[in-house]
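# Overview (structure and organization)
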Amino acid sequence: GVAPRSGASMSVAATAAPQVLLLPGWHNSGPDHWQSRWEALYGYTRVEQHDWDLPRRGDWLARLDDVVQSTSGPLVLVAHSLGCVLVAAWAKYSQHRQRVTGALLVAPADVEQEHLRPVLPSWAPIVREPLPFASRVVASRNDPFGPWPRIQALAQGWGSELVDVGACGHINAESGLGDWPAGHA
């Protein structure tokens, strides 16, 4: 799990169990993706975007901010791929970031790669500022959407703990993780 940064002040509201918001990436997470399985198993809330196939960063930022504002209590963000880039941008601009106690950022997509820039034009550059909450980046060494050295640099820029899961591709349904209990732990 993701715990609050040491020394972080805890309000009365922050002592309640946080609600988990699932932030899928580009094209959403299908039924066999671990995010969809966690939604079914644990009742987590998926942040639904207006357009999963032609994502615009501003639209996704506004949607996440709307969901955070309409949800009470502390929050944990569980993002995959483009959702990780969304968290970094949202944390920089949102006035509601203090509601988040932690983030699990799985397989961040390097949207600055030449082959992704034309299809995701509003997502570069990636915000590389330290996140104002505890965070953990979980990444694979053979992810086609995030070369390992680039993911290491993102995790460092975000001030995130980096967890190397070896060769698991994009850590999605095709990775064969099923319910991915290790990720949930």
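Small disclaimer: the values here were computed from a predicted structure and weren't measured.

### Quick word on the pairing of strand β3 (residues 75–80)
Every other side chain in a regular strand lies on the same face of the sheet, so the side chains alternate between the two faces. With six of six residues buried, β3 is to be regarded as a mostly interior element. Residues L75, L77 and A79 point to one face of β3 and V76, V78 and H80 to the other, with burial holding for every one of them. For the handedness criterion, the β-α-β arrangement of β3, helix α3 (residues 82–93) and strand β4 (residues 100–106) is classed as right-handed.

### What about the pattern of salt bridges?
A full pass over the atoms with the stated rule returns ten salt bridges. Across the pair R56 and D59 runs a salt bridge whose closest N-O atoms are separated by 3.3 Å. Put simply, R150 and E112 hold a salt bridge, and the shortest N to O gap is 2.6 Å. Of the two residues, R150 is situated in helix α4 (residues 148–158) and E112 in the loop between β4 and β5 (134–139); the sequence distance between them amounts to 38 residues. Given the relative accessible area of 14%, E112 is considered buried. Connected via shared salt-bridge partners are D110, E112, R128 and R150.

### Re the confidence of the model for the protein
When pLDDT is averaged across the protein, the result is 92; 92% of the residues are at 70 or more. Throughout residues 2–14 the model reports pLDDT below 50, and contacts reaching past four residues in sequence, or to other chains, amount to 19 contacts.

### What to know about the environment of H170
As for its placement among the helices and strands, H170 is situated in the loop between β6 (161–164) and α5 (181–184). Sequence-wise, H170 and S81 are 89 residues apart; in three dimensions their C-alpha atoms are separated by 8.0 Å. Ignoring sequence-local partners within four residues, the contact set of H170 consists of H80, S81, A107, D143, P144, F145 and S175.

### What about the nonpolar core?
Counting residues in each nonpolar core, the largest one holds 39 residues, and the members touching the most others are L77, W90, L105, F133 and W158. Counting residues per element, this core draws most heavily on α3, at nine residues. Every residue in contact with W90, bar those within four places of it in the chain, is listed here: L61, L64, D65, V68, L77, H96, R97, V100 and F133. V20, L22, V138 and I171 belong to the second-largest nonpolar core, a separate cluster that totals 13 residues.

### Digging into the sheet that holds β5
Taken in spatial order, the six strands make up an open sheet running β2-β1-β3-β4-β5-β6, and their pairing is parallel. Two strands close off the open sheet at either side, each with one partner strand: β2 (45–46) and β6. Sheet topology places β3 next to β4; six bridges connect them, and they run parallel. What sits directly across from V78, in β4, is L104. Packed onto the sheet, α3 meets β1 (19–23), β3 and β4 and runs at close to 135° relative to β3. On the sheet, α4 packs against β4, β5 and β6 and is oriented at approximately 175° with respect to β5.

About the thresholds
Residues numbered from 1 in each chain as written. Predicted model: local features only at pLDDT ≥ 70, side-chain atom pairs only at ≥ 80, totals over all residues. Heavy atoms only, no water. Buried < 20%, exposed > 50% of the residue type's maximum accessible area, 1.4 Å probe, protein only. Helix = DSSP H or I, 4+ residues; strand = E, 2+ residues; numbered from the N terminus. Right-handed = clockwise from strand over helix to strand, strands pointing away. Salt bridge = Lys/Arg side-chain N within 4 Å of Asp/Glu carboxyl O. pLDDT = per-residue confidence, 0-100. Contact = heavy atoms within 4.5 Å. Core = buried A, V, L, I, M, F, W, Y, C linked by side-chain atoms within 4.5 Å. Pairing = 2+ DSSP bridges. Axes fitted to C-alpha atoms, helices over the stretch in contact; angles between N-to-C directions.

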